[in-house]
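# Structural overview
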Amino acid sequence: MISLGERNNAAQPMEMESLRPAAPRSKPSFSMLVQQLWTLIKLYMEYYPKITAFLFFCVIGVIMSFLVPNFRRPVMRNRLQHDYAHISKHYSFQASQIDHWCLWGGDDQCTCLDFTEPESNSHLNGWLKAHEANKKYVEDAVAKQSSYKPFDVVFVGDEMVEKMGGKQLGMTNGESQQVGSLFKTMFEAGDFGWDVLYLGIAGDQTSNILWRLQHGELPKYLSASIYWLWAGSNDLRQGYCSEEATVLGILNTAEYLSWHDPDAVVVIMGMLPFSTHDGVLTESSTSRFFGSKAKSVEKAKKRYHFWPSIEAVNKELEDFCTNHTQMIYFDASHLFIGNMGNQYHKQQSLHLMQELMTDFVHPSVKGYQLLADLIQNEVKRIILDDDEDNDVEEKQSD
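To keep things clear, this report deals only with the structure shown in the data block. Every residue gets a number counted from 1 within its own chain, in the order that chain's sequence is written. Selection of residues for local features in this predicted model requires a pLDDT of at least 70, selection of side-chain atom pairs for listing and counting requires 80 or more, and totals for whole chains, interfaces and linings are taken over all residues. Values reported for side chains reflect all heavy atoms of the structure, with hydrogen atoms and water molecules removed beforehand.

### Digging into the sheet that holds strand E4 (residues 265-269)
Picture the strands of a sheet paired through backbone hydrogen bonds; they go either parallel or antiparallel. The pairing criterion for strands is at least two bridges between them, as found by DSSP. By the criteria applied, helices consist of DSSP H or I runs no shorter than four residues and strands consist of E runs no shorter than two, each listed in order from the N terminus. Overall, parallel pairing links the five strands, which are arranged E2-E1-E3-E4-E5 in an open sheet. Of all the strands in the sheet, just strand E2 (196-200) and strand E5 (327-330) have a single pairing partner and so form its edges. Between one strand axis and the next, the sheet turns through 20° on average, direction left out of account. Where strand E1 (residues 151-157) and E2 come together, five bridges link them in parallel fashion. Among the inter-strand pairings, Phe 155 is bridged to a residue of E2, identified as Tyr 198. The criterion used for residue contact is that any of the two residues' heavy atoms lie within 4.5 Å. In this analysis, axes come from line fits to C-alpha atoms, helices being fitted only over the stretch in contact, and the angle between any two N-to-C directions falls in the range 0 to 180 degrees. Lying over the sheet, helix H7 (residues 206-217) contacts E1 and E2, oriented at roughly 135° with respect to E1.

### Some points on the environment of Phe 192
Positionally, Phe 192 belongs in the loop between helix H6 (174-188) and E2. Put simply, Phe 192 and Lys 380 are 188 residues apart on the chain and 8.7 Å apart in space, counted from C-alpha to C-alpha. Excluding residues within four positions of it along the chain, Phe 192 makes contact with Lys 380 and Leu 384.

### Remarks on the packing of aromatic side chains
Here is the rule: rings of Phe, Tyr and Trp (six-membered ring for Trp) pair when centre to centre is within 6.5 Å. Planes less than 30 degrees apart are stacked, more than 60 are edge-to-face, and the remainder are tilted. A complete count under the given rule lists 16 aromatic pairs for this structure. Ring centres 5.7 Å apart and planes at 35° place the aromatic pair Tyr 256 and Trp 259 in the tilted group. Here Tyr 256 pairs with Trp 259, and both are found in helix H9 (residues 243-260), just three residues apart, close to one helical turn. The classification of residues rests on relative accessible area computed with a 1.4 Å probe and restricted to protein chains. Under 20% of the type maximum is buried, over 50% is exposed, and intermediate values are partly exposed. Overall, Tyr 256 belongs to the buried group, its relative accessible area being 9%. A residue is classified by how much of its surface remains accessible, and Trp 259, at 46% relative accessible area, is partly exposed. Cluster of aromatic residues (ring-pair linked, three or more members): Phe 155, Phe 183, Phe 187, Trp 194, Tyr 198, Trp 228, Trp 230, Phe 330 and Tyr 368.

Without other data, these values stay purely geometric and don't point to any function.
Here you go:
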């Protein structure tokens, strides 16, 4: 027989054991969760095969909707399919050679005008009136010239040139008046007293410029020592023309000027940089890696950096001028470009100087001041022939 005391002693360890906290349950491992999920899926497939098949194809469709755009044709940049540096002069440009008219490939997703078919820009409010004003401006200026003396410089282009003459779409405003006064002082009323014309209208692509020249702004009796062509920005920025189409549009216009006045020098001014990214000209390494392919044209337009395309166009223009007499290339891009940083660190990406290009597209009054100095020096160099660089006579002798 077990005494009462012995029973109490035997029960005590059991009671103490029951008072101990239970050991925590271990969390299921990842592999166990995957196994359980796979078992659940197999059961679902076995009992609901049709619904499972439908869900499977839905998931595949969603995945493909994200993957397929990344395999589309990438954004095309700097694709100049032909070398135009040695192109023969006078209308030997062939539009059929162009691989694609639009900046992102193809021919239909842009408003690039055919440079071989001059076209008016009369749909733009005030454009036709500005064109008629330019024709009258030329007639009056020629009438004032003694014995139809050649003009020293005729500037031809878009809004950049129009502002040099003090106007914007045929109208005057505060900024255009300042710029016009600046060029008048430096070129017409300065020490040299040059005879100058400014034939530009805002918004023009090269096709529009050529139309204006052929319809009264460049009459047969007008002659000049220098024709200064500054164009192409609207082809690239507004028309979204490919680099190749932009180059040919500029060269075709330059060739028309040369054909009109064979003894004159034609200066082709390189396109100035512009930006749609708050002055940033070049892509960061991150954006190049993650955003190198456009899912749509609209998205490509928003994130496209134009500076590499501008560089490609300018390089081709420079090569063309090097290989042709009476042609001179002029570049002032360096005036407007800088690096952000301090004495300890400079960013690799290039930026436009906002003081010189307030809207990151058109030069400010300060930008025009610096630009006018460079242009004046180049005009003086050509007219006075006081520099051997880009010397027309030297290229003719070669």
